[in-house]
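Read off the chains here:
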Amino acid sequence: MSDRWLYAWGLGSAAFGGVSVIVPLYVVSLGADPFTLGILAAAAAFAGVPGALAFGGLADRTGKRRMFVVAALSLVAVMSVAIPFTRSIAVVIAANATVWFASAAVLPILTLLAVADAPDAQWSERIARLNTYQGVGWALGLLAGTVWTVGAARVLGPVAAQRGFLLACAACAALSCLASVRTLPPDPEPGAEPEPRKLRRAMRRAGRFNVRGVTFPFSPVRVDPRGLHPRRVAHRFTPELTLYFLAIVLVFAGSAAFFAPLPAFLAELGYGSDGIFALYLLSSVASAVCFDRVGRLAAAHDARLVQVAGLLGRAIGLPAAAVVGTALGVTRVGLVGTTVVFAVIGITWAVISVTTGTIVTQLAPAGVRGEALGVYSALTAFAGGVGSVAGGWLAASSYAVAFTVAGGLVLAGAGVVLALWRRTITVAEPDRSVA
């Protein structure tokens, strides 16, 4: 199978990467407060899971995978065109939620297309390649936003530059749609569908190179929704897995509470759209270069301890953004300090992304490991939605309070993971008592 379609999807990922930042910035330009940004982020988070389930179910029943990929990209193009022509914040929120509904919907279908007509042994390699093209595309979208807003803002003005970049994202999604029509692999023949459990194992082996989660922590991770039965998984939850899911909720709620109002905070400090795009890009690059290193570290040591270290770094980094930004502003020292903070936040995402799938797999009973990852995906979206609203509400009164609470939630999550590690070690130790 030709890889040309991966270039088409990389182009679509660039559109998603650009939209992820420019829409919040545009909403701020329309006069939105931090709480409104929280609603914007929450709507995007809550739209994700039903998007994956709805499109996945329809694609299974009809057998038409290509059609749904093209439909999702078309939806993104239409919404990205509609946003710059409205000044209604409510309409922008609805359009943005539709974009992320489409994003979540298309991911599992693309995974199925990636393994179409491939032997089982090649599935992990195919999925890893898909993840790489998606991550690079997302980062290029952030880079394009940085470059565009640097030049266009001087000629057109900040708001016109934002509208222009939204139209550029729409064009990118439209080109991706047209290219996908020509290059997507054919729909599989009836009866040639990959077996869900084998596919989920291949996805675990492929790793979780998820750059988009660096600055967009409330998006569901890539899962195959077919055959997921959350109630059956819940009946088979071990106490350790339940405890770890609590940590997941705390960490992702805290991360979302930070990122939801962040564009408004940076704008109030004096950062332009170009500067904000550059900071988001920096976090993504810092995360991307650390994925392999973190993977090796987690393989050599207990993944839970590696994750605790990363969570502690994030718990410090989130409130540090408020301290550094407020105290130093957009000065040379302030820029250096903010750059360091965003790099740390990006690195900590690499730790979370790499270790979480490993820990869930280790803690879940053998028969429901793939489904447990599906529950994990749903929990990240739920926690992201709740955290976004809470962070926006708190930031409306005080960014320092919002970011401190965000760091506190991540710290609490680190405490739960540490308690889980200590509990596991205690259970594993032999009884040395003397009768």
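Residues numbered from 1 in each chain as written. Predicted model: local features only at pLDDT ≥ 70, side-chain atom pairs only at ≥ 80, totals over all residues. Heavy atoms only, no water.

1. Regarding the environment of Ala102
Part 1 of the reasoning: You can see Ala102 is positioned in helix α4 (residues 89–114).
Part 2 of the reasoning: Its relative accessible area of 0% is what places Ala102 among the buried residues.
Part 3 of the reasoning: With 26 residues separating them along the chain, Ala102 and Val76 place their C-alpha atoms 7.0 Å apart.
Part 4 of the reasoning: With residues near it in sequence (within four places) discarded, Ala102 still touches Ala72, Leu75 and Val76. (Helix = DSSP H or I, 4+ residues; strand = E, 2+ residues; numbered from the N terminus. Buried < 20%, exposed > 50% of the residue type's maximum accessible area, 1.4 Å probe, protein only. Contact = heavy atoms within 4.5 Å.)

2. Re the environment of Val405
Part 1 of the reasoning: Assignment of secondary structure puts Val405 in helix α15 (residues 399–428).
Part 2 of the reasoning: Take Val405: its relative accessible area is 35%, and that puts it in the partly exposed class.
Part 3 of the reasoning: Residues Val405 and Leu394, spaced eleven residues apart in sequence, show a C-alpha to C-alpha distance of 8.7 Å.

3. A word on a nonpolar patch on the surface
Part 1 of the reasoning: Side chains of Val136, Leu140, Leu143 and Val147 sit close together on the surface and give an oily, nonpolar patch of about 340 Å² of accessible area.
Part 2 of the reasoning: By relative accessible area, which is 38% here, Leu143 ends up partly exposed. (Patch = residues over 30% accessible without salt bridge, like charges linked within 9 Å, V, L, I, M, F, W, Y side chains within 5 Å. Areas by Shrake-Rupley, 256 points an atom, 1.4 Å probe, with all protein chains shown as cover. Salt bridge = Lys/Arg side-chain N within 4 Å of Asp/Glu carboxyl O.)

4. Quick word on the packing of aromatic side chains
Remark: the centre distance and the inter-plane angle together describe each pair of aromatic rings, the angle taken between the planes.
Part 1 of the reasoning: Going through the model one piece at a time under the given rule, you end up with 14 aromatic pairs.
Part 2 of the reasoning: Each ring, one from Tyr7 and one from Tyr133, has its centre 5.3 Å from the other, and the planes form 85°; the classification is edge-to-face. Within this pair, whereas Tyr7 is found in helix α1 (residues 4–29), its partner Tyr133 is found in helix α5 (residues 123–156), the two being separated by 126 residues in sequence.
Part 3 of the reasoning: Pairwise contacts between aromatic rings join Phe258, Phe259, Phe265, Tyr280, Phe342, Tyr399 and Phe403 into one cluster. (Phe/Tyr/Trp six-rings, centres within 6.5 Å; stacked < 30°, edge-to-face > 60°.)

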